[in-house]
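Observations on chain architecture
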Amino acid sequence: MSPSFVHATTERSEQQQQKIVRKLEAPAVVDPRSETLVLRCDYDLRGNELYSVNWYKYDKMLFRYMPSLTPKGTAFSSHPDDFAVDIAKSNGQQLTLVSQQDYRKNMKAYEGTYACEVSLESPFYADYAVANVSSAILPKSNPVLEGLAPYQLLGDQVEIVCMSAPSLPAAEISLRLNGAKVPSRSLSISKLYPIEGTPLVSTRVSHKLFISRNLFPMGKFDVQCKAIIPGVPAAPEFKTEKRVGLAANNQRLAQDWLGLFASEADRQCICLVVFAAVLLALCL
């Protein structure tokens, strides 16, 4: 943001040239379903008298606090589809914005660059801080990665599937095999709405793969699925990784045989029976 709204005198003492506004505290990412957005201006007047605190979104003033006036706070009109200032919960340290009932409108209303400008009474001096806010519903978990067994045989045909947890906007998914990104033209991409009655979207990508020797340069094959939320630079990355081994024929046969039994209890029982049979054979 350009400091076009900041007023300053040409003559300032060395003390005044020090910043009085430490920071503007704001959520980097706000959920558009949230009823309010609260920003806090952290400043130190250094013993001087406060003249005003002005709150902005971009270069548009939202709220002005002047302790010398009655009432001390004044809200400025905004677009009908935008948020409203809660005057009762806004002052020289805090700005509270009240959302619309429609999350779609809130996506646009909340996001932007905000600023608080603090001015001293005498001699006049102003300082400010800015903060960027994005609006999104972030995934609650890492993506699900399916389609690969712990060990694969050479010649297997597999379909790797990766699906992101629900979010808004929809996540963008990238798939990496041994660190190399799979081109988007090789992926099948679709959008799903897993939670009925909500705007949340899951992204699903799949990639068909032939298991060949060159996938196992060190005897292991690494797969990574990463989901990012586009247009939300402050959002974290969500990723899931798997390491696949190269199976010997007898190892794969055992794996497939055990896979016929649905429950873990069945598999444990089978293993105990085999172990008992081996012990009996040794005793004989």
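Shown above is the structure to which this text applies.
First, a word on what this report is: a plain description of the structure on this page. Residue numbers here run from 1 along each chain, matching the order of that chain's written sequence. Restriction of local features to residues with pLDDT of at least 70 applies here, the model being predicted, together with a cutoff of 80 or more for giving and counting side-chain atom pairs; totals for whole chains, interfaces and linings are based on all residues. Only hydrogens and water are removed before side-chain values are computed, so all heavy atoms of the structure are retained for them.

Here's the deal with the environment of serine 164
Put simply, the rule is: By definition, any uninterrupted DSSP run of H or I lasting at least four residues is a helix, any uninterrupted run of E lasting at least two residues is a strand, and each is numbered from the N terminus. By definition, residues are in contact when any of their heavy atoms lie within 4.5 Å. Two N or O atoms form a polar contact when they lie within 3.5 Å of each other; inside protein one atom must be a possible hydrogen donor and the other a possible acceptor, and for residues adjacent in sequence the pair counts only when both atoms belong to side chains.
Relative to the elements of secondary structure, serine 164 occurs in the loop between strand S13 (157-163) and strand S14 (172-177). Once residues lying within four places of it in the same chain are set aside, the contact partners of serine 164 are Pro143, Ala171, Ile173, Ser202, Thr203 and Ala227. Within the structure, the side chain of serine 164 is placed 2.9 Å from the backbone nitrogen of threonine 203, a separation counted as a polar contact.

Quick look at the sheet that holds strand S8 (residues 94-98)
Cut-off, in case you're wondering: The pairing criterion is simple: DSSP has to find at least two bridges between the two strands.
Strand order in this open sheet of 4 strands is S1-S3-S8-S7, and the pairing throughout is antiparallel. Because the sheet does not close on itself, it has two edges, and the strands there are strand S1 (21-25) and strand S7 (84-85). When S1 meets strand S3 (residues 36-43), the two strands line up antiparallel, connected through 4 bridges. Bridge pairing in S3 places leucine 24 opposite cysteine 41.

Looking at the side chain of aspartate 156
Here aspartate 156 is to be found in the loop between strand S12 (151-152) and S13. Within polar-contact distance, the side chain of aspartate 156 engages the side chain of glutamine 152 at 2.8 Å.

Just geometry here; none of it tells us what the structure is for.
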